[in-house]
Amino acid sequence: FDNVLSGYPYTKCSVPLVLTGKWYEAEGRFGDALAIHRKYYPLFTGLFLETNPVPVKAALELTGHGPAVYRAPLGRMSDGNLAKLREIMQKLDLL
């Protein structure tokens, strides 16, 4: 996670790596994989509330993998969007 926090651009696959395991376990079972995707879809959309990779870094910071480092021209998430992201992650039991 250190690379993600210091600037390397990762998208939705960066945050809950546990999902990768869940999708792997569902290999060959389309219905199960789709159910996992649908469950976490709010997170995927939440990770694009602002310019990527800012929300991804914020999510990692929220889960204790921070503090996030932002290089110009990127900055911290707005308070409103950070609250939305936090709420999404709490509803999914990621926090």
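Details of the structure are given in the entry above.
Attention in this report is confined to the structure presented alongside it. These numbers come from a predicted model, not from an experiment.

Some words on the side chain of Asn-81
For step 1, the next point in the chain: For Asn-81, the position within the fold is in helix α5 (residues 79-91).
For step 2, the next point in the chain: Engagement of the side chain of Asn-81 in a polar contact is seen with the side chain of Glu-50, the distance being 2.9 Å.
For step 3, the next point in the chain: For Asn-81, the residues in contact, after removing those within four places along its chain, are Leu-49 and Glu-50.

Describing the packing of helix α3 (residues 30-46) against α5
Any two packed helices are characterised by the angle at which their axes cross and by the distance between the axes.
For step 1, the next point in the chain: Where α3 contacts α5, the two axes come as close as 10 Å, and the packing angle between them is 160°. As judged from the angle between their axes, α3 and α5 are roughly antiparallel. Viewed along their axes, α3 and α5 form a crossing whose handedness is left-handed. Taking contact as the criterion, the partners of Pro-42, Leu-43 and Gly-46 in α3 are, on α5, Leu-85, Ile-88 and Met-89.
For step 2, the next point in the chain: Residues belonging to the contact of α3 with α5 are distributed by class as follows: 5 nonpolar, 1 polar and no charged.

Thoughts on the pattern of salt bridges
For step 1, the next point in the chain: Evaluation of the coordinates by the stated rule reveals 3 salt bridges.
For step 2, the next point in the chain: A salt bridge links Asp-32 to Arg-29, with the shortest nitrogen-to-oxygen separation between them at 2.5 Å.
For step 3, the next point in the chain: Relative accessible area serves as the criterion here: at 38%, Asp-32 is assigned to the partly exposed category.
For step 4, the next point in the chain: On the basis of relative accessible area, Arg-29 is assigned to the partly exposed category, the value being 40%.
For step 5, the next point in the chain: Across the salt bridge formed by Glu-87 and Lys-91, the nearest N and O atoms sit 3.2 Å from each other.

Thresholds applied
- Residues numbered from 1 in each chain as written.
- Predicted model: local features only at pLDDT ≥ 70, side-chain atom pairs only at ≥ 80, totals over all residues.
- Heavy atoms only, no water.
- Helix = DSSP H or I, 4+ residues; strand = E, 2+ residues; numbered from the N terminus.
- Polar contact = N/O pair within 3.5 Å; in protein donor to acceptor, adjacent residues only side chain to side chain.
- Contact = heavy atoms within 4.5 Å.
- Axes fitted to C-alpha atoms, helices over the stretch in contact; angles between N-to-C directions.
- Parallel < 35°, antiparallel > 145°, perpendicular 65-115°, else oblique.
- Left-handed = near helix turned anticlockwise from the far one by under 90°.
- Nonpolar A, V, L, I, M, F, W, Y, C, P; charged D, E, K, R; others polar.
- Salt bridge = Lys/Arg side-chain N within 4 Å of Asp/Glu carboxyl O.
- Buried < 20%, exposed > 50% of the residue type's maximum accessible area, 1.4 Å probe, protein only.

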